[in-house]
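Here's the letter readout for the chains.
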Amino acid sequence: MNQVFRALADPTRRRVLQLLRERPRTAGELAAAFPVSKPTMSAHFSVLQEAGLIAAERNGRTILYRLRMSVLEEALMGFVHSLEGPKRAVARRRRGDVKRRAWEGA
């Protein structure tokens, strides 16, 4: 999950994912959409691949990238579930405070 959030931390990589939501694209198509060098884009693609967010398919000298939405969904669901634990603890603490105040006031 850390790799997914590291990948999502960069606005360029988030934009790559937005473009890939529309349809698979070649590395050249994606690189043309950004004012950075091809080696820089290649580094972004590597981070996204390492996180499992995109898949690459080589066809000769062309690389076609596809979005792997299931990985993103799993990471986000895992993140949401990790937040539920602390929320419940806070809610329990608050309920305890209310009960304690009611007891002390009686």
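As shown above, the structure is provided for reference.
Below: a short report on this structure.

What counts and what doesn't
- Residues numbered from 1 in each chain as written.
- Predicted model: local features only at pLDDT ≥ 70, side-chain atom pairs only at ≥ 80, totals over all residues.
- Heavy atoms only, no water.
- Patch = residues over 30% accessible without salt bridge, like charges linked within 9 Å, V, L, I, M, F, W, Y side chains within 5 Å.
- Areas by Shrake-Rupley, 256 points an atom, 1.4 Å probe, with all protein chains shown as cover.
- Salt bridge = Lys/Arg side-chain N within 4 Å of Asp/Glu carboxyl O.
- Buried < 20%, exposed > 50% of the residue type's maximum accessible area, 1.4 Å probe, protein only.
- Helix = DSSP H or I, 4+ residues; strand = E, 2+ residues; numbered from the N terminus.
- Expected span 1.5 Å × (residues − 1).
- Arc of directions from axis to C-beta.
- Phe/Tyr/Trp six-rings, centres within 6.5 Å; stacked < 30°, edge-to-face > 60°.
- Contact = heavy atoms within 4.5 Å.

## Details of a nonpolar patch on the surface
Turning to step 1, where the next piece is worked out: Where nonpolar side chains cluster on the molecular surface, the patch consists of Met1, Phe79, Val80 and Leu83 and spans about 350 Å² of accessible area.
Turning to step 2, where the next piece is worked out: Among the residues examined, Leu83 registers a relative accessible area of 40% and is labelled partly exposed.

## Quick notes on helix H2 (residues 11-22)
Turning to step 1, where the next piece is worked out: Over its 12 residues, H2 extends 17 Å from the first C-alpha to the last, a length consistent with the 16 Å expected when each residue adds 1.5 Å.
Turning to step 2, where the next piece is worked out: Inspection of H2 places Thr12, Arg13, Val16, Leu17, Leu19 and Leu20 among the buried residues, and these make up the whole buried set. Here the buried residues of H2 occupy an arc of 160° about the axis, which is enough to place them on one side. Those residues of H2 that are exposed and aimed more than 90 degrees away from the buried face are Pro11, Arg21 and Glu22.

## Describing the pattern of salt bridges
Turning to step 1, where the next piece is worked out: Per the stated rule, a full pass over the model turns up three salt bridges.
Turning to step 2, where the next piece is worked out: Its salt-bridge partner being Arg25, residue Glu22 comes within 2.4 Å of it at the nearest N-O pair.
Turning to step 3, where the next piece is worked out: A relative accessible area of 56% means that Glu22 is categorised as exposed.
Turning to step 4, where the next piece is worked out: In this structure, the salt-bridge partner of Glu29 is Arg23, at a minimum N-O distance of 3.4 Å.

## Digging into the packing of aromatic side chains
Turning to step 1, where the next piece is worked out: In the structure shown here, the tally under the stated rule is one aromatic pair.
Turning to step 2, where the next piece is worked out: Here Phe45 and Tyr65 contribute two aromatic rings whose centre-to-centre distance is 4.6 Å and whose plane-to-plane angle is 40°, an arrangement assigned as tilted. With Phe45 in helix H4 (residues 38-50) and Tyr65 in strand S3 (residues 62-67), this residue pair connects regions lying 20 residues apart in the sequence.
Turning to step 3, where the next piece is worked out: Look at Phe45 and you get buried, because its relative accessible area is 4%.
Turning to step 4, where the next piece is worked out: Here Tyr65 falls in the buried class, since its relative accessible area comes to 6%.

## Considerations on the environment of Val47
Turning to step 1, where the next piece is worked out: Residue placement: Val47 occurs in helix H4.
Turning to step 2, where the next piece is worked out: Counting along the chain gives 40 residues from Val47 to Ala7, while the straight-line C-alpha distance between them is 6.0 Å.
Turning to step 3, where the next piece is worked out: Residues in contact with Val47, not counting those within four places in the same chain, are Arg6, Ala7 and Arg13.

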